[in-house]
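Each chain, letter by letter, is given below.
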Amino acid sequence: MAAIGFNAAAPMVGMTSVAYAADAVRPEVGKPLQEAQKLAAAGKNKDALAKLKEADAVGGKSEHEKYLIERTRASAAAAAGDHETAARAFEAVINSGKLSASEAPKFTQSLASLYYQAKDYPKAITWIQRALKDNPGNAQLQELLTQTYYVSGKYAEAAKELQANGRASESQLQMLANIQLKQNDKAGYVQTLEKLAGNYPKNSYWADLLQRVVTKPGFSSTLNLDILRLKLALGLLNKPAEFMEMGQLSLQTGNPAEALKIIDEGYKKNALGQGADADRHKRLKDLALKTEAEFAAKQAATQAEAEKNKDADALFNLGFALVSAGKGDQGLKLMDQAIKLGTAKRPEEMKLHYGIGQINAGKKAAGVATLKTVKGTNGEADVARYFVLQNRG
């Protein structure tokens, strides 16, 4: 990584012959010093560094003469890309005590950046921390410190800095995720991945996140359809087998309207209706059409039987299917009625589906609010959280 945000070349302030006269710079020092400055101003920084050796050779130099030489060397070396020489010169200038109060922080920042570029990370950390004392709110310095911790293998320190950042950038979150993988912090990695997926949505983040949740110990297979629903909403559903599986699962839950939408989407994307399995795809579509017709004919009887038996799951599934068929208010009313019965086999999963149903019925804010209340240890809370992330904004 390159150092960020700092220009290590020091300003050539107070370097004129007038300054020499005022501070009694001897000619044998002043002459090569002025020539070095002229060379640097012309872009001949390596020649300037060579010329400074003449001033270095003069004995009995005053502290002010040493300061002027090192300041000129700092600027020329930085511009020449000689980071090690520049760093030594910058440190000498800073330690001289001759910098003004306004200049000192700039030199400290530049020195920190130079040590980073020279890959002297311990000294870079020391000087970045010193610079932060003068500029505690400097985001560039803070990021440079984090990068330095990371590239020097101080992962715990880097993670601490990153986690203290309430609104980290995508690159900072990626760095934190890499650290957590190196430290085998699976829970922390997933939390960071969720932030990436929520704030900087990309297919790669979501694919990793969904793969991790389905392989999490204790994940309920009854939530597989919900994972496919997320994939469909995120544009991650592309394989023929996934469209077929989702269509079949929707039919099994008594939701032919959803099954048909999925199958139609599969045909639209040319994932279905192609190749050797085209006949299987058509048979599934025909089954979905037949089931949808039967659903409409038996709707009243199905509802009456579920209410008579106080079968919360059957009544809820009917309501969800009605929402999928475009009858949002009617479907939500049945779903709400089913929840109040209190006899659901998997109440947290039912709450999850109620939130999804509300969103599908056009009541997004209410649906998100419901999803935020979902608990459970078999994946329900995770899936609900991902639906909330997917419906942000």
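Everything below is about the structure shown above.
Residues numbered from 1 in each chain as written. Predicted model: local features only at pLDDT ≥ 70, side-chain atom pairs only at ≥ 80, totals over all residues. Heavy atoms only, no water.

Asker: Which parts of the structure should I look at to understand the overall build of the chain?
Answerer: Counting secondary structure elements, the chain contains 21 helices and 0 strands. Compactness check: the chain gives a C-alpha radius of gyration of 34 Å against a globular reference of 21 Å for 393 residues, more than 25% above the reference. With respect to the principal axes defined by its C-alpha atoms, the chain has extents near 110 × 45 × 35 Å. Of all 393 residues assigned to the chain, the portion counted as buried reaches 45%. Here the contacts in the chain between residues at least 6 apart in sequence split such that 56% fall between residues at least 24 apart. A total accessible area of about 19,700 Å² is found for the chain, and carbon and sulfur atoms account for 50% of it. If the 53 positive side-chain charges of the chain are averaged to one point and the 43 negative ones to another, these points end up 1 Å apart. (Helix = DSSP H or I, 4+ residues; strand = E, 2+ residues; numbered from the N terminus. Rg over C-alpha atoms; globule rule 2.2 N^0.38 Å. Buried < 20%, exposed > 50% of the residue type's maximum accessible area, 1.4 Å probe, protein only. Contact = heavy atoms within 4.5 Å. Areas by Shrake-Rupley, 256 points an atom, 1.4 Å probe, with all protein chains shown as cover. Lys, Arg positive; Asp, Glu negative; His and termini not counted. Charge placed at Lys NZ, Arg CZ, Asp CG, Glu CD.)

Asker: Would you mind going over the side chain of Gln-358 with me for this structure?
Answerer: You can see Gln-358 is positioned in helix 19 (residues 347-360). For Gln-358, a relative accessible area of 8% corresponds to the buried category. Those residues in contact with Gln-358 that lie beyond four places of it in its chain are Leu-332, Lys-363, Lys-364, Ala-366, Gly-367 and Thr-370.

Asker: Would you mind showing me how to read the layout of surface pockets here?
Answerer: Remark: the empty space left among the atoms is shown by a probe the size of a water molecule rolled over them. Taken as a whole, the largest pocket encloses approximately 470 Å³ of empty space. Around the largest pocket, the lining comprises 20 residues; the ones closest to its centre are Thr-253, Asn-317, Arg-346, Glu-349 and His-353. Taken together, the elements giving at least two residues each to the lining of the largest pocket come down to helix 13 (224-234), helix 14 (240-252), helix 17 (312-324) and helix 19. When its residues are assigned to classes, the lining of the largest pocket shows 6 nonpolar, 8 polar and 6 charged. Of the volumes computed, that of the second largest pocket is approximately 360 Å³. Every residue lining the second largest pocket is counted, 16 residues in all, and those nearest its centre are Arg-229, Leu-232, Ala-233, Glu-258 and Asn-360. With 4 residues, helix 15 (residues 256-268) is the single largest residue contributor to the lining of the second largest pocket. Classifying every residue of the lining of the second largest pocket gives 8 nonpolar, 4 polar and 4 charged. (1 Å grid on protein atoms, 1.4 Å probe; cavity = no way out; pocket = protein on both sides within 12 Å on 5 of 7 lines; lining within 4 Å. Points joined across faces, edges and corners; volume = space filled by probe spheres on them. Nonpolar A, V, L, I, M, F, W, Y, C, P; charged D, E, K, R; others polar.)

Asker: What's the story with the pattern of salt bridges in this structure? I'm lost.
Answerer: Oppositely charged side chains may form a pair once their charged atoms are brought near each other. With the rule as written, the count across this model stands at 22 salt bridges. Between Glu-70 and Arg-73 there is a salt bridge, with its nearest N and O atoms 3.1 Å apart. In this pair, Glu-70 and Arg-73 both sit in helix 4 (residues 63-80), 3 residues apart, roughly one turn of the helix. Assessed through its relative accessible area of 13%, Arg-73 is described here as buried. Between Asp-329 and Lys-363 there is a salt bridge, and its shortest N-O distance comes to 3.9 Å. Here Asp-329, found in helix 18 (residues 328-341), pairs with Lys-363, found in the loop between helix 19 and helix 20 (364-371); they are 34 residues apart in sequence, far enough to count as distant. Residue classification places Asp-329 among the exposed positions, given a relative accessible area of 59%. Overall, the relative accessible area of 38% leaves Lys-363 in the partly exposed class. Bridged by salt links that share partners, the residues Glu-194, Lys-216, Asp-382 and Arg-385 form one connected network. (Salt bridge = Lys/Arg side-chain N within 4 Å of Asp/Glu carboxyl O.)

Asker: Would you take a moment to explain the packing of helix 13 against helix 21 (residues 380-390) for this structure?
Answerer: Two measures define how a pair of helices packs: the angle their axes make with one another and the distance between the axes. Look at helix 13 against helix 21: their axes get within 11 Å of each other, and the N-to-C directions meet at 15°. Taken together, helix 13 and helix 21 sit at an angle that is classed as roughly parallel. Here helix 13 runs over helix 21; the crossing is left-handed. On helix 21, the residues that touch Asp-226, Ile-227, Arg-229, Leu-230, Ala-233 and Leu-234 of helix 13 are Val-383, Tyr-386, Phe-387 and Gln-390. The residue makeup of the contact of helix 13 with helix 21, split by class, is 7 nonpolar, 1 polar and 2 charged. (Axes fitted to C-alpha atoms, helices over the stretch in contact; angles between N-to-C directions. Parallel < 35°, antiparallel > 145°, perpendicular 65-115°, else oblique. Left-handed = near helix turned anticlockwise from the far one by under 90°.)

Asker: Could you clarify how one ought to interpret unusual backbone geometry in this entry?
Answerer: Residues apart from glycine generally show negative phi values, whereas peptide bonds are mostly found in trans. Despite not being glycine, Asn-270 shows a phi value in the positive range, around 60°. With respect to the secondary-structure elements, Asn-270 resides in the loop between helix 15 and helix 16 (278-309). A positive phi angle is found at Lys-310, which is not glycine, with a value near 50°. Note that Lys-310 resides in the loop between helix 16 and helix 17.

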